[in-house]
Amino acid sequence: MPRVSTDQLAARRRQILDGARSCFADHGYEGATVRRLEQYTGLSRGAIFHYFRDKEALFLALAEQDATRMADVVAEQGLVQVMRDLLDSARTPGSGPDGDAGDRSWLGTRLEVSRRLRTDPEFRARWQAHSGALTAATRARLERQAAAGALRDDVPVPVLAQYLELVLEGLVSHLAMGLPAGDLDAVLDVVENGVRATSHTR
């Protein structure tokens, strides 16, 4: 296949994902009808579902994309930075089909994943195949920090990793309910300091 055709196929797939991301963020999974997906992507249903088997496959592709993105942030800056990014996203206005998807759409997808994990057992089973990257990246970074002496040594790394993941889920639930986010930067400071090595000995 000519290289230009491969590039065009990849560009079309990105177009679908970008449009669908905004649609899911604005309307949720159930509200993202095929008609709305057509409006947001600027493509027909035939074009959309040529690339993705159905709406759930499209949503899972977005969720997997986000999990990979978060894992990359974790590897470089840690899971608390992912939480800070999500918090910043919550303060960014939403976008319509003609607007910039931005980080707000990333948050929208994450909130919808969280909702569906609670309410849809079949989705939960499918999602488990995609969700390991974030956990692996979190544990790997914590192991590196522990080896460098930057991590508290009185709690095992797996426990610290689970603690951070629970805080992440709590933050997502807080944002999903539309609760005030004004003081959460200070809360995340406490979380971050809670896993670091102390500068003094007891």
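Report on the accompanying structure. Just so it is clear, the model here is predicted, and its values are computed rather than measured.

Let us look at the overall build of the protein chain. Counting secondary structure elements, the protein chain contains 10 helices and zero strands. For the protein chain, the sequential pattern of α-helices and β-strands runs α-α-α-α-α-α-α-α-α-α. Taking all 202 residues of the protein chain together, the buried fraction comes to 39%. Residue pairs in contact within the protein chain that sit at least 24 positions apart in sequence constitute 68% of those at least 6 positions apart. Within the structure as shown, the protein chain displays about 11100 Å² of accessible surface, and the carbon and sulfur contribution to it stands at 51%.

Now for the layout of surface pockets. When its volume is computed, the largest pocket comes out at roughly 390 Å³. Looking at which element gives the most residues to the lining of the largest pocket, the answer is helix α6 (residues 102-119), with six residues.

Let us look at the environment of Leu111. Within the secondary structure layout, Leu111 lies in helix α6. Between the C-alpha atom of Leu111 and that of Phe24, which follows or precedes it by 87 residues, the distance is 10.0 Å. Sequence-distant contacts of Leu111, that is, excluding residues within four places in its chain, are made with Val172, Leu175 and Ala176.

Take the packing of aromatic side chains next. Under the criterion given, the structure shown has five aromatic pairs. Plain terms: the ring middles of Tyr29 and Phe59 are 5.5 Å apart, the flat faces sit at 75° to each other, and that makes the pair edge-to-face. Taken as a pair, Tyr29 in helix α1 (residues 3-31) and Phe59 in helix α4 (residues 55-77) lie far apart in primary sequence, 30 residues in all. Each member of the pair, Tyr29 together with Phe59, is buried. Three or more aromatic residues joined by ring pairs form one cluster here, namely Phe24, Tyr29, Phe59, Phe123 and Trp127.

It is worth spelling out helix α2 (residues 34-41) at this point. Looking only at α2, the buried set comprises Leu37, Tyr40 and Thr41. Burial along α2 is one-sided: seen end-on, the buried residues are contained in an arc of 90°. In this structure, α2 carries Arg35 and Gln39 as exposed residues pointing more than 90 degrees from its buried face.

The first and last C-alpha atoms of helix α10 (residues 184-195) sit 17 Å apart over 12 residues, in line with the 16 Å expected at 1.5 Å per residue. When α10 is considered as a whole, its buried residues turn out to be Leu184, Leu188, Val191 and Val195. Down the axis, α10 shows its buried residues gathered within 55° of arc, on one side only. On the buried face of α10, the contacting elements are α5 (79-90) and α9 (157-176).

Residue placement: Arg21 occurs in helix α1. Residue classification places Arg21 among the buried residues on the basis of a relative accessible area of 7%. With 37 residues separating them in the primary sequence, Arg21 and Leu58 have C-alpha atoms 9.4 Å apart.

What counts, and where the lines are drawn
- Residues numbered from 1 in each chain as written.
- Predicted model: local features only at pLDDT ≥ 70, side-chain atom pairs only at ≥ 80, totals over all residues.
- Heavy atoms only, no water.
- Helix = DSSP H or I, 4+ residues; strand = E, 2+ residues; numbered from the N terminus.
- Buried < 20%, exposed > 50% of the residue type's maximum accessible area, 1.4 Å probe, protein only.
- Contact = heavy atoms within 4.5 Å.
- Areas by Shrake-Rupley, 256 points an atom, 1.4 Å probe, with all protein chains shown as cover.
- 1 Å grid on protein atoms, 1.4 Å probe; cavity = no way out; pocket = protein on both sides within 12 Å on 5 of 7 lines; lining within 4 Å.
- Points joined across faces, edges and corners; volume = space filled by probe spheres on them.
- Phe/Tyr/Trp six-rings, centres within 6.5 Å; stacked < 30°, edge-to-face > 60°.
- Arc of directions from axis to C-beta.
- Expected span 1.5 Å × (residues − 1).

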